[in-house]
Amino acid sequence: MKHSEYPRLILLMLPVAIVFLAFFLLPMARLILIGGSGENGFSEYLSIFHTPRHFESLVSTVLLSAAVTIAAVIISAVTGVFLERNRFPGREVLISMLTFPLAFPGVVIGFLVIMLAGRQGLANEISQALTGSRLVFAYSMAGLFTGYLYFSIPRVILTIMAAAEKLDPALEEAARSLGASRWQVIRDVILPALKPALIASGAIAFATAMGAFGTAFTLATNIDVLPMTIYTEFTLNANFATAAALSIVLGTITWLALYISRSIAGSTVAAAA
Amino acid sequence: MKRSRIFYVNLAFTLLVCAFLIVPIFLSMLAGVTVNFFQGIKSGLTLSWVIEVWSLYADTIFLSLLIAVACLICNLLIGVPAAYVLARKSGRVARMIEETLVLPIAIPGLAIALALIVTYGGIREFRLSWLFILVGHVLYTLPFMIRSVLAVLSSFDFRTLEEGAASLGAGFWKRFRTIIIPNCRAGILAGSLMVVTLSVGEFNLTWMLHTPLTKTLPVGLADSYASMRLEIGSAYTLVFLIMILPLLIALQLYGRPRAAKTTISDPE
Amino acid sequence: MTSDQEVSTSIRLEACAKTFDDGTRALEPIDLEIAGGETVVLLGPSGCGKTTTLRIIAGLEAPDPGGRVLFGSDDVTPLPIESRNVGMVFQSYALFPNMTVRENVAYGLMVRNVPKPERAVRVGEMLAMMHIEELADRRIDQLSGGQRQRVALARAIAVRPRVLLLDEPLTALDASLRERLRIEINDLLRSLGITAVYVTHDQGEAMAIGDRIVVMRKGVVAQIGSPKDIYYRPANAFVADFIGTSNRLTGHLSNGALSFQGGSIPWQRSEAAELTVMFRPQDAEIVAPTEAQIAGRIANVYFLGDRTKIILEAIGQGPIVVETTAQADFVIGSNVGLKINPDRIFEIDGET
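To start, this report covers the structure provided alongside it.

Parameters and conventions
Residues numbered from 1 in each chain as written. Chains lettered and ligands numbered in written order. Predicted model: local features only at pLDDT ≥ 70, side-chain atom pairs only at ≥ 80, totals over all residues. Heavy atoms only, no water. Helix = DSSP H or I, 4+ residues; strand = E, 2+ residues; numbered from the N terminus. Contact = heavy atoms within 4.5 Å. Areas by Shrake-Rupley, 256 points an atom, 1.4 Å probe, with all protein chains shown as cover. Buried < 20%, exposed > 50% of the residue type's maximum accessible area, 1.4 Å probe, protein only. Pairing = 2+ DSSP bridges. Expected span 1.5 Å × (residues − 1). Arc of directions from axis to C-beta. Core = buried A, V, L, I, M, F, W, Y, C linked by side-chain atoms within 4.5 Å. Salt bridge = Lys/Arg side-chain N within 4 Å of Asp/Glu carboxyl O.

1. Some details on the overall build of chain A
The number of helices and strands found in chain A is 12 helices and zero strands. For chain A, the α and β elements follow one another from N to C terminus as α-α-α-α-α-α-α-α-α-α-α-α. Contacts spanning at least 24 positions in sequence make up 68% of the contacts within chain A whose residues lie at least 6 apart. For chain A, the exposed surface amounts to about 12100 Å²; the carbon and sulfur share of it is 67%.

Shown next, in the form of structure tokens:
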């Protein structure tokens, strides 16, 4: 059964191999070459760090993504562990609500942020009613943060809940039998057990935020996150080499984030993306 | 059981997070059926915005559905066999192939779209057809199908089942058809739901790959947000949500394939 | 190749060795002849090569170059399992969860394009034979372990295979069920008259089912023989220890007696200066110190219900185990004599 099956396995793999070679590997290689085809040659890749506009865009994207990641992981850890460890009526509904926006596209999320914090948004109305002052932050960094947080929470919560489900309650009981306080249990038992899931889901949130385009596009802010910079360079400035180089840098950062998280956290957890 | 104070603090926090996620959806849906959002509900409810959206953007909806179905078929044809091979092979080469196949998750859609444009943008016929978008969607969704099927294959000992079928005389293709595929149903279903949902909602790639004649639903949405009045954007979002809602519910029901439970109901 | 009469195909392995891709040698070259209709049990601890041997017979593994597998006069070495017309029962049963019991049993017939009406009849016969008719439309996950076992057997024999291969078929079951199914399988194999190879690590199973037992160890055949041979005439200490409990006495031979600590036994059957003999716990009895040539002390007594197990010390190199059905009171620490049935003492190769 073993010996004669190689050709068949290769046959089964062939279609995907052809599609990937033709439409992914080849184009990616070409993108790398084009990134080095501008007047600066391959030093275009380094010029990102010298061109203030690009560098600022890179830094603000990384900072924004990092902030979103931290906030999403903390919020999701609290709610995820709470929902996994308590049974009460309505729990299933809450879980559904929290994971519902999982597959919303960025544009829709951008629009929802406008609904929440735009000129005719809920936040503004409440603020006007309560204090009489305007509150519009949809088109600022805070708006982007809100949007990114919105699409990060469902992803992170799913991973954390899956990990919390596997938590052995006996560990916690053992810690308490040894006299550990509630906080000590969280610090010494729960958090270490959740660590791989926290790292993995955090990396996914970070990578998604780094590459997010639709939300920023809809909010049409003046904040240049990297995907917006790439888009502008490509479509408005027709600066293909720069756009290509920036895309490759962006892709490398997101891939690295996921790769590093996986080597720290182990490979199995990240699958829930 | 009496709940502690911490339970209620946690519950309140969780409700707050839920509200953050759900209230904007609700607002947006409401805005789509309000006569004038600026004046609020008191201006009355209407379906006229939805009807207008339909007349303006119906073609984007159909194109999105077409691409999603085509994308699913491609995934089934190339992704499921690939997942099987990856589950069969444990060597380094297989792991490298797997890494490559899931790479489109790690690389932003914008970069993939640019790569496709700079490589194939010159082929006019291809660039202008919806197939150009389809290619992007297949690349982007394939990792989800492969992982979903791989997860199911790792949850049962499919090698022994295959040996069992072989011992009964079934050759390779017969085994693949009668044993592997039927037992992967849960993973294929979960993967398919994911693929269709992601394809219908995909924007990052699609925005770069589309042409004025190949607009998908999310592209149309972005369009309406930028250039139409708020009520139309809301009504369009409402249409999108109604389309994607059944998918998301199905995903919640079938999206997490579990290992087949071995319940022994009738012990001797 | 599938003829209904051909139910007793002989199996011959010629110089079948197995080296895995990573270089580990799972099986040294083995030659084995299994007569038509015979049930041979491959017995040994895990990693002894018994499963590898079975998988080579089945066609799930190819032997290293040079090895040959013959069914009757057909050389099946190059054939994959699906072309060998074998029936196989797996340790995990490998029942298809996507099919009902009936569909599982019918699968091999479906693959062979047996016409539907005939298929239904044959499946019905199989279900009746295994007493699982009422389970026909159940899903596999609704079956108990014993029921699964029966379905697996029915499925394997439904195709009327040339040989039946069973890979630890009872290991997944609990002890009492194992005992019962062991008898059922034995009866089934006898009534079918099919050539069968049965792999197990359980010596009780091997004794009950095998016409012959092949004891294996570290990829090598340690002994081939009938259950009685293996039990009473183990070829070496490994076999003696693996099959039941055995007592060993090593001592010096002089003047027709083998002497060791605690006494001696008459021994005329060999001339070596130093040798090891063995006997089984039930082939000795405890007597008064004056009535025996061997004296020891009772170290421990275990009452087992139908019999009593007594551990003696101060005899030979290690503790001696005696099992008796006698009702007497055995007092720990008392000095006793040991009488061994002279017909049940065998010289063995002392190396383990």
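2. A look at the environment of C:Pro63
Residues and elements named next belong to chain C. Structurally, proline 63 can be placed in the loop between helix 1 (50-58) and strand 4 (68-71). Sequence spacing of proline 63 and lysine 18 is 45 residues, and the spatial spacing of their C-alpha atoms is 5.3 Å. Setting aside residues no more than four positions away along its own chain, proline 63 makes contact with Cys16, Ala17, Ile56 and Thr77.

3. Digging into the pairing of strand 14 (residues 274-279) of chain C
All names here are of chain C. The element strand 14 is largely enclosed, with a buried count of five among its six residues. For strand 11 (residues 247-254) and strand 14, the ladder comprises six bridges, and the chain directions are antiparallel. The partner of arginine 248 across the bridge, within strand 14, is methionine 278. In this sheet, strand 20 (residues 346-348) lies alongside strand 14 in antiparallel orientation, the contact comprising three bridges. In the strand pairing of strand 20, methionine 278 is matched with phenylalanine 346.

4. What to know about helix 3 (residues 116-129) of chain C
Helical geometry: 3.6 residues make up each α-helical turn, so side chains three or four residues apart lie on a common side. All names here are of chain C. When the terminal C-alpha atoms of helix 3 are compared, their 20 Å separation across 14 residues agrees well with the 20 Å that a helix rising 1.5 Å per residue should span. Considered for burial, the residues of helix 3 that qualify are Arg119, Arg122, Val123, Met126 and Leu127. In a view along the axis of helix 3, the buried residues occupy a sector of 135°, so they form one face of it. In helix 3, those exposed residues whose orientation departs by more than 90 degrees from the buried face are Pro117 and Ala120. Looking at the packing, one finds that the buried side of helix 3 touches helix 2 (101-111) and helix 4 (145-158). Two residues or fewer after helix 3 comes histidine 131, characterised by a positive phi angle close to 55°.

5. Let's talk about the nonpolar core
If you look at the biggest cluster of nonpolar residues, it comprises 174 residues, and the most contacted ones within it are A:Phe104, A:Tyr148, B:Tyr84, B:Trp207 and B:Met208. Looking at this core, the element that brings in the most residues is helix 2 (residues 48-88) of chain B, giving 17 residues. The contacts of B:Met208, once residues within four sequence positions are left out, are A:Tyr231, A:Phe234, B:Leu110, B:Ala113, B:Leu114, B:Ile117 and B:Arg127. The next biggest cluster of nonpolar side chains, apart from the first, holds 88 residues, and it includes C:Ile11, C:Ile30, C:Leu32 and C:Leu181.

6. Regarding the pattern of salt bridges
Applying the stated criterion to the full structure yields 36 salt bridges over all chains. In this structure, the salt-bridge partner of C:Arg212 is C:Glu38, at a minimum N-O distance of 2.5 Å. Remark: C:Glu38 occurs in the loop between strand 2 (25-34) and strand 3 (39-43) and C:Arg212 occurs in strand 9 (residues 212-217); sequence separation between them is 174 residues. Look at C:Arg212 and you get partly exposed, because its relative accessible area is 24%. For C:Glu38, a relative accessible area of 12% gives the class buried. The salt bridge partner of C:Arg190 is C:Asp211, with a shortest N-O separation of 2.7 Å. You can see C:Arg190 sitting in helix 5 (residues 175-192) and its partner C:Asp211 sitting in the loop between helix 6 (203-209) and strand 9, a full 21 residues away along the chain. On the basis of relative accessible area, C:Arg190 is assigned to the partly exposed category, the value being 40%. Within this structure, A:Glu5, B:Arg88, B:Arg159, B:Glu162, B:Arg175 and C:Glu82 form a network of salt bridges that share partners.

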